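Coordinate inspection notes
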Amino acid sequence: MAFLPIEPIDRQFDFICITGDAYVDHPSFGVAIISRLIESLGFSVGIIAQPRVDTHDDIVKMGKPRFAYMITSGNIDSMVAHYTAAKKRRSDDAYTAGGKAGKRPDRAAVVYSRLVRKIYPDTPIVLGGLEASLRRFAHYDYWADEVLPSILEDSGADLLTYGMGEHQTEQIVKRLSAGEDIKTITDIRGTCYLCEPCDTPIGNTVNCPSFEAVKGVKREYAKAVKIQYDWQDEVYGKTIIQRQTAKMLIQNPPALSLNTEELDRIYELPFERDYHPVYEKDGGVAAIEEVKFSITHNRGCFGNCNFCSIALHQGRKITTRSKESIIREAVLLTKLDGFKGYIHDVGGPTANFRKPSCEFQLENGLCKGKKCLAPNVCKNLSADHTEYLEILRELRKIPGVKKVFIRSGIRYDYLIADKNDAFFRELVEHHISGQLKVAPEHCSNAVLDRMGKPHIESYQAFQKKFYKLTGALHKEQYLVPYLMSSHPGCTINDAIELALFLKQNHLRPEQVQDFYPTPGTISTAMFYTGLDPYTLEPVYIPKSSEEKAMQRALLQYYNPKNKDIIKSALMKAHRPDLKYLFGEFGIEEIGWQGRNERAAKKPRQKGRRRR
């Protein structure tokens, strides 16, 4: 394997990978997994990280690959990497050496693909990674504020792999190396390709409203998103077809998830587990810091929140590594330079998912159009932390390991659904570094329904038990809730309700996340169309910068700087009964009022004290 800035190029590589990230050879980085996988199959691989796009030099230095280019924008969508939810340019980039912003272009996958096509017009190009995966259909682009066609059409690439791409990559490289034309590789699960309308496959297909239809009619866009989600299941998923500008996009059914043996093999490939030495002079690559001493034990998430891209990318089915493989990786971590005895995480998309949501889904797939945990826990859910707890106990015994933390996110509703509280107790006792991050996101059940999240009563039950266990152990530990403002369906009154909830629970969030309409999600479809894709009911959308600022300020109710904008928000919401809340330090005293207790207060009578 060779990397452009360091290795002398004196041969032709079988495959060349291009990435929008700095090169980090660690299994948390997609290009590292794909390149190591290709190498393990006996092929030579070159890697070009963050090539300049104003010249051909970085591309031609490595020469033309024998079989294909594999292109990704990096670990995250390049537009998300570059811009905040307010569409302001970010000043840094954790996936670039020294945190320097601007080392990759906007819409990197498209730009890289077009550049390669211009230089080597006959060389096959395969797109992969999150940016390609979430933009595989015609999609609303928040930054352009319009619907764009499939990234496959925009980029000019030959083939797109969506989801976790190991199975697809292995088949593609073997067939290309055997001499097959990439134009005929149209039957691999987990891939998309374009064809002439007359060549559209028939039978066992689902027709999605066309690019022209979804661009012109928002109701059609909402319908299209429902179709795309409904058939993303490896058991019953069908081929989805969608007409683009001229050609037909064909999405084959999802790839089969890697089984435990396959996952073990992937995560035990010979990764260097660090950024390339060429970046040392720039201060290294910050994105490695949190994951360098972390372990991924699972993939997939049946939580399936509407604003999250995991379900459309990794899928809802949970797949896991073996306990033995996880232990071997932990032992390896203890031998790495810089290891100080702390394993930072044993997780994945959701740390405490270690088994399928229920037995039914193994043969029948996950229920179409339903969620396992929202608005309430499904009666068929099998909540069991036994195996996960066994793994954590074994990790704690490894010589050289002082502490094993869990930082990638605990699904608290699944946790409290487990009737055996052994894991909960040991989580509190052994696996929290002072703070546990969880994601209730909001307190208004109406908003939580739009998010696809459990109702707030679930969080309240978890919170109560967490602090009870923490107190019994005489520990000083806290919950840090992730909260979101301005999600589709969230009104000013909902934001006020959340501010009251936070005050009641003595929470002062330092950071608040505005809803970010990322490509492909159900929540983004709501944001663009003003409709719920599953019911086609109208959804209130807070879009103006003024209202977004109000909702954000309400979540930071304690900050005196927010006093004036919160007053404006209360006037907008016709809540004069709360005007007394402002004093020298912003909001001083707030009493909890539920959604059904919002009747305006009577004028204060002389001599009476207000409670």
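For the structure, see preceding data.
Basis of the calculations
Residues numbered from 1 in each chain as written. Predicted model: local features only at pLDDT ≥ 70, side-chain atom pairs only at ≥ 80, totals over all residues. Heavy atoms only, no water. Helix = DSSP H or I, 4+ residues; strand = E, 2+ residues; numbered from the N terminus. Rg over C-alpha atoms; globule rule 2.2 N^0.38 Å. Buried < 20%, exposed > 50% of the residue type's maximum accessible area, 1.4 Å probe, protein only. Contact = heavy atoms within 4.5 Å. Lys, Arg positive; Asp, Glu negative; His and termini not counted. Charge placed at Lys NZ, Arg CZ, Asp CG, Glu CD. Axes fitted to C-alpha atoms, helices over the stretch in contact; angles between N-to-C directions. Parallel < 35°, antiparallel > 145°, perpendicular 65-115°, else oblique. Left-handed = near helix turned anticlockwise from the far one by under 90°. Nonpolar A, V, L, I, M, F, W, Y, C, P; charged D, E, K, R; others polar. Pairing = 2+ DSSP bridges. Phe/Tyr/Trp six-rings, centres within 6.5 Å; stacked < 30°, edge-to-face > 60°. Salt bridge = Lys/Arg side-chain N within 4 Å of Asp/Glu carboxyl O.

When helices and strands are tallied, the protein chain shows 23 helices and 25 strands. Relative to its length of 611 residues, the protein chain is compact, with a C-alpha radius of gyration of 25 Å against a globular reference of 25 Å. Projecting the C-alpha coordinates of the protein chain onto the three principal axes gives extents of approximately 90 × 60 × 50 Å. The buried share of the protein chain, reckoned over its 611 residues, is 58%. Taking the contacts inside the protein chain whose residues are at least 6 apart along the sequence as the reference set, 75% of them involve residues at least 24 apart. Side chains of the protein chain give 86 positive and 76 negative charges; the mean places of these two sets differ by 7 Å.

With that settled, the discussion passes to the packing of helix H13 (residues 323–334) against helix H15 (residues 386–397). Running from N to C, H13 and H15 point in directions that differ by 30°, and their axes come no closer than 10 Å. What the angle tells us is that H13 and H15 run roughly parallel. Note on packing geometry: the crossing formed by H13 with H15 is right-handed. Two secondary-structure elements touch here, H13 through Lys 323, Ile 326, Ile 327 and Ala 330 and H15 through Glu 390, Ile 391, Glu 394 and Leu 395. Looking at the contact of H13 with H15 residue by residue, the class counts come to five nonpolar, no polar and three charged.

Moving on, we get to the sheet that holds strand S21 (residues 435–441). Taken together, three strands build an open sheet; the order of strands is S21-S22-S23 and the sheet is parallel. Of all strands in the sheet, those with a lone pairing partner are S21 and strand S23 (513–514), marking the two edges. Two elements, S21 and strand S22 (residues 478–485), share five bridges in a ladder whose sense is parallel. Note on S22: the bridge partner recorded for Leu 436 is Leu 479. Taken strand by strand, helix H22 (residues 545–555) contacts S22 and S23, and its axis lies near 165° from that of S22.

Let's shift gears to the packing of aromatic side chains. Scanning the entire structure with this criterion turns up 27 aromatic pairs. Ring geometry for Phe 15 versus Phe 43: centroids 5.6 Å apart, planes at 90°, classification edge-to-face. One end of the pair, Phe 15, is in strand S2 (residues 15–19); the other, Phe 43, is in the loop between helix H1 (30–40) and strand S4 (45–49), and 28 residues separate them in sequence. Judged by centre distance (4.0 Å) and plane angle (15°), the ring pair of Phe 302 and Phe 353 falls under stacked. Taken together, the positions of Phe 302 in the loop between strand S16 (298–299) and helix H12 (310–313) and Phe 353 in the loop between strand S19 (345–347) and helix H14 (360–364) put the pair 51 residues apart, joining distant regions of the chain. Under the relative-accessibility criterion, Phe 302 is labelled buried at 0%.

Of all five residues in strand S12 (residues 239–243), four are buried; the element is thus mostly enclosed. Relative to S12, strand S11 (residues 205–208) runs parallel, the two sharing four bridges. Looking across to S12, one finds that Cys 208 is bridged to Gln 242. Where S12 and strand S13 (residues 248–251) come together, four bridges link them in antiparallel fashion. Paired with Ile 240 across the strands is Gln 251, a residue of S13.

We now examine unusual backbone geometry. Along the chain, Ala 374 connects to Pro 375 via a cis peptide bond; the corresponding omega equals 0°. Inspection of the secondary structure puts Pro 375 in the loop between H14 and H15. Positive phi is not limited to glycine here, since His 574 has a value of about 55°. Along the polypeptide, His 574 turns up in the loop between helix H23 (563–572) and strand S24 (582–583). Note on His 574: relative accessible area 66%, which makes it exposed.

With that settled, the discussion passes to the pairing of S2. Both faces of the sheet carry side chains from a regular strand, because those side chains alternate between them. Burial within S2 is extensive, with five of its five residues counted as buried. Neither face of S2 is exposed, since Phe 15, Cys 17 and Thr 19 on one face and Ile 16 and Ile 18 on the opposite face are all buried. As defined by bridge partners, S2 adjoins S4 across five bridges and the pair is classed as parallel. Looking across to S4, one finds that Thr 19 is bridged to Ala 49. Here S2 runs beside strand S5 (residues 68–72); their pairing, made up of five bridges, is parallel. The residue of S5 that forms the bridge with Cys 17 is Met 70.

Our next topic: the pattern of salt bridges. A full pass over the atoms with the stated rule returns 38 salt bridges. Of the charged contacts, one joins Asp 141 and Arg 107 as a salt bridge, the two residues approaching to 2.6 Å between their closest N and O atoms. Of the two residues, Asp 141 sits in strand S7 (residues 139–141) while Arg 107 sits in the loop between helix H3 (78–82) and helix H4 (108–119), which places them 34 residues apart along the sequence. Lys 281 is the partner of Asp 282 in a salt bridge, and the nearest nitrogen-oxygen pair spans 3.7 Å. Beyond isolated ion pairs, a larger network of salt bridges with shared partners links Asp 77, Arg 107, Arg 135 and Asp 141.

Here we come to the environment of Lys 368. With respect to the helices, strands and loops of the structure, Lys 368 is situated in the loop between H14 and H15. The exposure class of Lys 368 is partly exposed, given its relative accessible area of 38%. In this structure the C-alpha to C-alpha distance between Lys 368 and Arg 411, which are 43 residues apart in sequence, comes to 21 Å. Excluding residues that lie within four positions of it along the chain, Lys 368 makes contacts with Asp 230, Trp 231, Tyr 236 and Arg 316.

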